[in-house]
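Each chain is listed here by its residues.
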2 protein chains.
Amino acid sequence: MAFETLNGREKQILRVLIDHYVSTAEPVGSRVLANRYPIGLSPATIRNTMQDLEEFGLIRQPHTSAGRVPTDEGYRTYVDNLIDRQPITPDLAKTLQDKLAAEHMRAVDDIMAQAAHVLASVTSQIGVTLAPRFDRGVVSRIELVPVAECRVLVVLGIQSGLVRTVLMEVASDIDQRSMEETQRALNERLAGQTLGSLKMIAPERLKDDHRADPRLVKLFVEAAEDLTGNAAGESLHVEGTSNLFSQPEFADHQVLGSILRVIEKRTPLVDLLRQRGIGEGIVVTIGREVNLEGAEGCSLVSAAYRAGEVEGTIGILGPMRMEYAKLVSIVEYTAQLLSEQMET
Amino acid sequence: MAFETLNGREKQILRVLIDHYVSTAEPVGSRVLANRYPIGLSPATIRNTMQDLEEFGLIRQPHTSAGRVPTDEGYRTYVDNLIDRQPITPDLAKTLQDKLAAEHMRAVDDIMAQAAHVLASVTSQIGVTLAPRFDRGVVSRIELVPVAECRVLVVLGIQSGLVRTVLMEVASDIDQRSMEETQRALNERLAGQTLGSLKMIAPERLKDDHRADPRLVKLFVEAAEDLTGNAAGESLHVEGTSNLFSQPEFADHQVLGSILRVIEKRTPLVDLLRQRGIGEGIVVTIGREVNLEGAEGCSLVSAAYRAGEVEGTIGILGPMRMEYAKLVSIVEYTAQLLSEQMET
DNA sequence: ATTAGCACTCTCCAGCCGAGAGTGCTAACG
DNA sequence: CGTTAGCACTCTCGGCTGGAGAGTGCTAAT
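Below, the structure is looked at part by part. (Residues numbered from 1 in each chain as written. Chains lettered and ligands numbered in written order. Predicted model: local features only at pLDDT ≥ 70, side-chain atom pairs only at ≥ 80, totals over all residues.)

Overview of the interface of chain A and chain B
Size of an interface, as often reported, equals the accessible area lost when the parts are brought together. For the record, the criterion: Contact between residues is assigned whenever the C-beta positions, reconstructed from backbone atoms, fall within 7 Å. Numbering of helices and strands starts at the N terminus; helices are DSSP runs of H or I of at least 4 residues and strands are runs of E of at least 2. Lys, Arg, Asp and Glu make up the charged group, whereas Ala, Val, Leu, Ile, Met, Phe, Trp, Tyr, Cys and Pro make up the nonpolar group; the residues left over, Gly among them, are polar.
Counting residues at the interface gives 30 residues for chain A and 30 residues for chain B. Those elements that provide at least two residues to the side of chain A that touches chain B are α6 (108-123), β4 (139-148), β5 (151-158), β6 (163-169) and α10 (253-265) of chain A. Within the side of chain A that touches chain B, the residues separate by chemical class into 13 nonpolar, eight polar and nine charged.

This is the structure:
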């Protein structure tokens, strides 16, 4: 059922059918299409075309004598071929800029939370953001800041100006001087390396360095690891889940429950977003493609953003029946803003 | 309808009625109570007592010829007077310890998120945690760490070992030396002050100090302010909202929706928790007392924890029909663990 | 004071019916 | 030959009904 096999009329009918269904959430009958859209065909003819589209697997009937509803594949071809993307309005662009770029610089985490929030409120869907993967980040500066008796704060500066910190617990008998020496050694030997490679590289490069305290180095490597791997849980932000309540397709308690449950698990969603991040630009994932247990009825519109070497993903999650034409632009623009802001 | 006006029988009936209702979620009839509990009275007698309790406003009938259901006030007197608290099992204590105290030291935020998660999974309610209010925290150490061209990371050590960091944007022409001088000055003049008082105290104490760069000081004060006030949004962690889906009282779409909506707004919930935090120990807030628009059918079991001078609140949010006897102990114990962990 | 008995009320569920919507097919039409 | 009018058919949905069941409140007996 490749898109090319569809004739012009079939394409047209599919388009208006989805357009109409998206705005009403009701099965679409032939009469409605004939009346409301300038197709110039009688309901009967439209019915015939609809039967064809049904055979192609692009639309289906919830039951005999109901109107038609798009299938996953229907949405797929619609998004891939029929959509005409609606550029973002200047108004909206301004809103997004204000809410995101504005104010003074904040921590990465705050920005991500804010981005998720804005996406949710602007689209009335669920806004999701994934913080950058730091393992690709190039280390530009390392600071060890003693903050209490046995605690040292590791400050890791990444090229492009991002910063991350981790607390580590050290033996109490490490003195100020040795710490400073170690810090100097770390900076000299590790600057310019990616965060992800530290685990491999650090022990090797520092083993001959008489200045560095090996215990500190070991802890440091562990801390760096923490930042790349373990942070997976914390790096996901989800906002606007209550928006789903106004969607008629989620009126069913079970359905809605299983969606929220899978979102709350975090890991599956993180994986999904990571996976979607690798392709450049905007990606629309529809229905079963989403591959989240319980969220089969959902679509994800996602886009990657990047800050120097590190990149992450943002997106919106909602019912398959969403205004792709509009939302795609919003997500794309937001990702772009985010990239800009982070590079500053 | 003070508790003392109830006679022994009324107390007994109220207790078993609530016990039974909590476990079944069905209106409780007189027959069931007579059969299932060793009251030694006939259904008819129980019915009379029930009528009395209804007049007191402690129970009510959803409709004529249904069993009785506790009212807000019913739960209130139950929790205040009739409950016999069920101590935490050793098993559960161990689980909580493992999940919370375990692993190496993490940032405050991670701990709070983890605590919310654990509370949710252990109680099958919504787990909520509020990070400590740092404005009461006593500053023990201030570090200014340059991390990029125009960026300085402010590291604020609080007595009792907690740390917070904020990024600030500085003019590019501030040199290394001046930064170090300023840092020294800040430490000397501000250590021992509470974070909340910095805004007042700092300008005064530093205005004569020739070492401190006034621009840096100004930015520093702003950063500190950020940490105390603005952080309100980020300091709340909510986990386990999907647990509500298995509660029969929230089968209704509207009800559930409005609860999740008000939780997502954050501010009302933050305020509620702050307010509940000021009283020592554990607090049970029931039904309308909760005072969250849309969450009238919920109860909150909350407890304050403290780490040195700073304190925060944790709790669980769920339907009024919850196993208070058990949950109160769990929340209390968790708060205690949290206090211990943070003081370390 | 307690309890057995009973009439009464209300909910819940299953079944039924008619209205309405929308289809697929067939036959007529240009 | 593509298009369309007409029509029989199917399926859902809302409202109505009636019976079963649960639980009450009252009264009279213990």
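Structure's up, so let's keep going.
Quick look at the protein's contact with DNA strand C
Put simply, the rule is: Using a C-beta atom placed from the backbone, a residue is described as near a molecule or strand when that atom lies within 6 Å of it.
Every one of the 19 residues lining DNA strand C counts as a neighbour, but G29(A), S42(B), T45(B), T64(B) and S65(B) are closest to it. Of all elements in the fold, only α2 (30-36) and α3 (43-55) of chain A together with α3 (43-55) of chain B reach the threshold of two or more residues within the surface near DNA strand C. The dominant element in the surface near DNA strand C, judged by the number of residues it contributes, is α3(A), at four residues. Partitioning the surface near DNA strand C into residue classes produces five nonpolar, eleven polar and three charged.

Here we look at the relation of the copies chain A and chain B
Condition: Here the copies were fitted onto each other by least squares, based on C-alpha atoms from residues at pLDDT of at least 70 in both.
Superposing chain A onto chain B requires a rotation of 180° together with a translation of 0.0 Å along the rotation axis, leaving an RMSD of 0.1 Å. With respect to symmetry, the two chain copies, as superposed, fit the operation of a two-fold axis. Among all residues of chain A, the one whose C-alpha sits closest to the rotation axis is H253(A), at a distance of 3.6 Å.

Digging into the sheet that holds strand β4 (residues 139-148) of chain B
Residues and elements named next belong to chain B. Counted only if it meets this: Think of it this way: DSSP has to see at least two bridges between two strands before they count as a pair. Working convention: axes come from line fits to C-alpha atoms, limited for helices to the stretch in contact. Angles between N-to-C directions cover 0 to 180 degrees.
One open sheet accounts for three strands, arranged β4-β5-β6; its pairing is antiparallel. One side of each edge strand has no neighbouring strand; the edge strands of this open sheet are β4 and β6 (163-169). The mean angle between the axes of side-by-side strands here comes to 20°, regardless of whether they run parallel or antiparallel. Sheet topology places β4 next to strand β5 (residues 151-158); eight bridges connect them, and they run antiparallel. Across the sheet, E143 pairs through a bridge with V155, a residue of β5. Packing of helix α9 (residues 214-228) onto the sheet brings it into contact with β5 and β6, and relative to β6 it is tilted by some 130°.

Looking at the sheet that holds β4(A)
Residues and elements named next belong to chain A. With respect to topology, three strands assemble into an open sheet ordered β4-β5-β6, the strand pairing being antiparallel. Since the sheet does not close on itself, it has two edges, and those belong to β4 and β6, each with one partner. The mean angle between the axes of side-by-side strands here comes to 20°, regardless of whether they run parallel or antiparallel. Where β5 lies against β6, seven bridges are found, and the strand directions are antiparallel. If you follow V155 over to β6, its bridge partner there is T165.

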